[in-house]
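# Analysis of the macromolecular model
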Amino acid sequence: MELPKSYIAKEHEAHIYDVWLKSGAFKPSKTGDNFSILMPPPNANESLHVGHALMVTVEDVMIRHARMNGKSTNWVPGTDHAGFETQVVYEKKLQKEDKSRFDFTPEQLRSNIREYVLAQQETILSQIKALGASCNWGELYFTLDQNIIDVAYQTFSKLNKDKLLYRAKRLVNYCVKHGTSFSDLEVEYEDRQGTLTYFKYPIKNENDAFITVATTRPETMLGDTAVAVSPNGKHKSLIGKKAIIPLINREIPIIADDAVLNEYGSGCVKVTPAHSHIDADIATRHKLPTIEVIDNRGKMMGDIPKDLIGVKSAEARAMIVEKLKQLNLVEKEEAINHRIGVCYKCKTPIEVLPIEQWWVSTKPLAKKAIDAIKKNQITITPKESKRNIVAWLENIIDWNISRQIVWGIPIPAWYKKQVAGSREPVLRSELRRAQQGAGSEIKIQVDSPGTGWEQDKDTFDTWFSSTQLPFAALGYPNSEAYKNHFPTSTMETGADILYFWVARMIMMSLYVTGEVPFKHIYLHGLVLDAQGKKMSKSKGNVVDPITLMDQYGTDALRWAVIHGTTAGQNFNMTLDRVIGGRNFANKIWNAARYVLAAGQGTENRENGAVNSEHKALTSSPLGKLDQLDKYDQLDLSIKINQQIISKLQKLIADVNKAFATNQYGFATDLIFDFFWHEFCDKYIEESKTLLKTPQTAPETQKVLLTCITSSLKLLHPFMPFVTETIWQEFESHKLVDEKLLILAKWPNETIGK
RNA sequence: GGAUCCUUAGCUCAGUUGGUUAGAGCGCCUCGUUUACACCGAGGAGGUCAGAGGUUCGAGCCCUCUAGGAUCCACCA
């Protein structure tokens, strides 16, 4: 059968993937050292983006390379319930239908989202397959699988027993739009225009004496419990006196604290411990009380002027400034550009609120992680990241793991119901407090302790359970996969979740299993658009990998994301890269067509690769030499042949070195350069002459075949489809011995010797 | 403010432990199609490797400083 002049990826990919699947190649083999990767689970609700394409490609390269080197590979795929993110997506969907989360009971909402997610998940799984991922589908996990939930519960309980878990009303970062708290990592900072308002607090018992404070949040004055000044600053003389909060006439002390900068603003800080992290620290140092004035809807509350109750904080701000102006207490207003914390999804400013949450004491956990990293029990590519991860762990703060959303793992804590109060709770904050019973009896267990107990309404931060995936997804503690493949070999993931996920996985794994979760971390960079800008739907600069795969082939896309890229380094995704990949696949295809013709002899070929003149000379088909092993002793007599084989040997050695140091982009450079410029441009051209002479033809045939088969092997991890398609063609002509390229042996550096 | 990375051909970037004449892809110019491949080939133009100083027999690579850019962390009310 005549091979067409161009490689048409679409005609082969589905079939080839099927052949691999049926061969059992994706499963761990019975022999060989273990090599395992846990696939970072893509969100089940989204479809494949080019970042996933990068992730899947890099991991597939690692796995295929390990497999060809005789390892028993286990690449465990999964999808993520992605608690908050999915709930946001689902709420947007509800919004389009003119509904909101408040139209459902939590149980209804949870079951609706589950249904939606399980339906969505098929899309991303089929797209991962389309990328050629050679993962072990038999071990597919979903982060809400019962065994993963069980592990999360065991860990929660263990943390509690070890006194590393506590429930406390502490300041949390809260998005009033989404109605949930976040950990410190989930808060994003944005530059926003704001107004720094300077206003005067009268000094007690001193007529016409004032202290001026500057703030961007005048409404929080109602919750002030002190004014702080620099210990040796310009307001030193006021320390110890009392200031009076206007509008509510509450007396507060003037204190000295090192956190206050004499030079900034007015040199005085109003201290609102309920709504500012820094103020809370000051309050702790000076044992100041905490007065809440903003509730979890972002509205004013508490013992404040009646007209302000229930008013949104931003509106209250304007009202208060107006009132203060009327009292002549506003000194000046200054426009400033400042950074404020915002919800990373909706960009709503984060409110800092004191809320009862579950906290993990992270310091002791981090200590073990730091030790393991410093002792190189875990290594990192790029190695510069080691410093970052250690620094983050050293400065870690306690982790709020409660989220006020329904889509997630319910927290296995129970509260004794309070005796009904004088009135029904009205505000959601009151309701929650009543339900979760601040100060009431708490039991940590999965099942209800009995009547009169109510379960915590919150769910875990998705990262709390995700950080246990390296062992939980493998079936900890009793499964074969856990016993054989834990710790996993490499954690390949985005540099952007180094702290969110990677650092915390190390902590949790050492804590729960006593072992590191993986031996090596490989971080890939961000895929940017052609101009080097972050891709985002709102910018409309998102590159869709599916379209590219359809048009140029999966190998072209894989090539585009790995050729010329470096670990941890962002790169710009351009169409040129993909076209380059497509062209290279086609080059491989055509070189193979040439060798196939040269190798088979040409007697039956109308448009044979070698022209009719060669027919008689190459009619002794290489197909009879069906043991490639024989090429270990090529015993070459022709200089050109010796040269190309020696270059091939060097290539294999260099590529091995590149793999050993995780330089995949560099490996593709080496192979590309050899294949195109040495093998195709020079050697194939020279072989045309050699094939004309009976004395030189047979040896040249062997060398051609050796070069192409070795190149196909080296290229297979990167471009699995075109290489396997060609291999199957060679196999059908008995030019190669190994049935499947995916299971073929990685070439030896001494090939041909 | 702290940290990391980057600055090499018009553009995007390689350059593996310092070692002859610094490379690739794309783009550009000339030529070429019964030739494995025009998704191609042959040839060519194009670089004081950001700047300055230092170490060295030798520096794109190591050290110091300067300038510009990116990212992460902290965050000032």
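The written sequence of each chain sets the order in which its residues are numbered from 1. Key to labels: chains lettered from A, ligands numbered from 1, both in the order written. With the structure being a predicted model, the display of local features is reserved for residues of pLDDT at least 70 and the display and counting of side-chain atom pairs for 80 or more, all residues being used for whole-chain, interface and lining totals. Side-chain metrics rest on all non-hydrogen atoms present in the structure, leaving aside hydrogens and water.

Secondary structure counts use DSSP, requiring at least four H or I residues in a row for a helix and at least two E residues in a row for a strand, with both numbered from the N terminus. When you go through chain A residue by residue, the secondary structure sums to 21 helices and 25 strands. Along the three orthogonal principal directions, the C-alpha set of chain A runs to about 115 × 60 × 55 Å. The contact definition used throughout considers only heavy atoms, calling two residues in contact when any of these lie within 4.5 Å. Across chain A, every contact between residues at least 6 apart in sequence was considered, and the portion connecting residues at least 24 apart equals 77%. As presented, chain A carries roughly 32,800 Å² of accessible surface, and 49% of it is formed by carbon and sulfur atoms. Residue burial considers only the protein chains on display, and all accessible areas are found by Shrake-Rupley using a 1.4 Å probe.

Moving on: the confidence of the model for chain A. Per-residue confidence for chain A gives a mean pLDDT of 87; residues scoring 70 or more make up 92%. Confidence per residue, as judged by the predictor, is encoded in pLDDT with a range of 0 to 100. Predicted confidence is poor over residues 421-428, with pLDDT under 50, and the contacts of this stretch with residues over four places away or in other chains come to eight contacts. Note on residues 602-629: pLDDT is under 50 here. Beyond four places in sequence and across chains, it has 53 contacts.

By the convention used here, strands pair only if DSSP detects at least 2 bridges between them. In spatial order, the strands read E8-E7-E13; together these three strands make up an open sheet with antiparallel pairing. Pairing within the sheet leaves two strands with one partner each, and these edge strands are strand E8 (210-215) and strand E13 (330-343). Pairs of neighbouring strands in the sheet enclose a mean axial angle of 20 degrees, with direction left out of account. For strand E7 (residues 187-202) and E13, the ladder comprises 13 bridges, and the chain directions are antiparallel. Within E13, the position partnered with phenylalanine 199 by the bridge is valine 330. Note on method: axes are straight lines fitted to C-alpha atoms, helices fitted across the in-contact stretch only, with angles between N-to-C directions ranging 0 to 180 degrees. Against the sheet, helix H7 (residues 313-326) contacts E7 and E13, and its axis sits at roughly 165 degrees relative to E13.

Our next topic: the packing of aromatic side chains. In this analysis, rings of Phe, Tyr and Trp, with Trp reduced to its six-membered ring, are considered paired at centre separations within 6.5 Å, and the interplanar angle assigns stacked below 30 degrees, edge-to-face beyond 60, and tilted for intermediate values. Taken as a whole and judged by the stated rule, the model has 34 aromatic pairs. Each ring, one from phenylalanine 584 and one from phenylalanine 672, has its centre 4.8 Å from the other, and the planes form 55 degrees; the classification is tilted. Of this pair, phenylalanine 584 sits in helix H17 (residues 575-600) while phenylalanine 672 sits in helix H19 (residues 664-690), and the two are 88 residues apart along the sequence. Burial here depends on accessible area, computed with a 1.4 Å probe over protein chains only, as a share of the maximum for the residue type. Under 20% is buried, over 50% is exposed, and the range in between is partly exposed. Residue classification places phenylalanine 672 among the partly exposed positions, given a relative accessible area of 21%. Pairwise contacts between aromatic rings join Trp559, Phe584, Phe672, Phe675, Trp676, Phe679 and Tyr683 into one cluster. Only when the NZ atom of a Lys or the CZ atom of an Arg is both within 6 Å of the ring centre and within 35 degrees of the ring normal do we say a charge sits over the ring. Geometry around tyrosine 511 places lysine 158 over its ring, the cationic atom sitting 4.6 Å from the centre. A cation sits over an aromatic face here: arginine 504 above tryptophan 399, 4.0 Å from the ring centre.

Helical geometry note: an α-helix holds 3.6 residues per turn, so side chains three or four residues apart project in the same direction. The terminal C-alpha atoms of helix H14 (residues 498-512) lie 20 Å apart, and with 15 residues this matches the ideal 21 Å at 1.5 Å per residue to within 8%. For a residue, the bend is simply the angle between two axes, fitted respectively to the seven-residue segment ending there and the seven-residue segment starting there. Largest kink in H14: about 25 degrees, centred on methionine 505. Among the 15 residues that make up H14, 14 are buried, leaving the element largely enclosed by the rest of the structure. Positive backbone phi, at 80 degrees, marks glycine 514, one or two positions downstream of H14. To estimate how far a helix should reach, multiply one less than its number of residues by 1.5 Å.

Among the structural elements, alanine 369 can be located in helix H8 (residues 363-374). Counting along the chain gives 88 residues from alanine 369 to aspartate 281, while the straight-line C-alpha distance between them is 27 Å. With sequence-adjacent residues up to four places away left out, alanine 369 is seen in contact with Leu393, Ile506, Met507 and Leu510.

Between helix H16 (residues 554-562) and helix H21 (residues 720-732), whose axes approach to 7 Å, the crossing angle comes to 135 degrees. Taken together, the axes of H16 and H21 are oblique relative to one another. The segment H16 lies against H21, with Thr554, Asp555 and Arg558 engaging Pro720, Phe721 and Val722. The class makeup of the residues in the contact of H16 with H21 is three nonpolar, one polar and two charged. Under this scheme an angle from 65 to 115 degrees is roughly perpendicular, one under 35 degrees roughly parallel, and one over 145 degrees roughly antiparallel; angles in between are oblique. The nonpolar class holds Ala, Val, Leu, Ile, Met, Phe, Trp, Tyr, Cys and Pro. Asp, Glu, Lys and Arg form the charged class, and all remaining residues, Gly among them, are polar.

Our focus in this paragraph is unusual backbone geometry. Cis geometry marks the peptide bond from tyrosine 476 to proline 477, where omega comes out at 5 degrees. Mapped onto the elements of the fold, proline 477 is located in the loop between helix H12 (469-472) and helix H13 (480-485). Although it is not a glycine, asparagine 376 sits at a positive phi angle of roughly 60 degrees. Note that asparagine 376 resides in the loop between H8 and strand E15 (379-381). Taking relative accessible area as the criterion, asparagine 376 reaches 46% and is therefore assigned partly exposed. One non-glycine residue, asparagine 662, adopts positive backbone phi at about 60 degrees. The topology assignment puts asparagine 662 in the loop between helix H18 (639-660) and H19. Using a relative accessible area of 14% as the deciding quantity, one classes asparagine 662 as buried.

The next thing to look at is H8. Over its 12 residues, H8 extends 16 Å from the first C-alpha to the last, a length consistent with the 16 Å expected when each residue adds 1.5 Å. Turning to H8, its buried residues number three or more, namely Leu365, Ala366, Ala369, Ile370, Ala372 and Ile373. Taken around the axis of H8, the buried residues stretch over an arc of 165 degrees, which confines them to a single face. Buried residues along H8 sit in contact with helix H5 (146-161), strand E14 (351-360), helix H9 (385-394) and H14. Of the residues one or two after H8, asparagine 376 is the one with positive phi, at around 60 degrees. Note: the arc covers the axis-to-C-beta directions of the helix.

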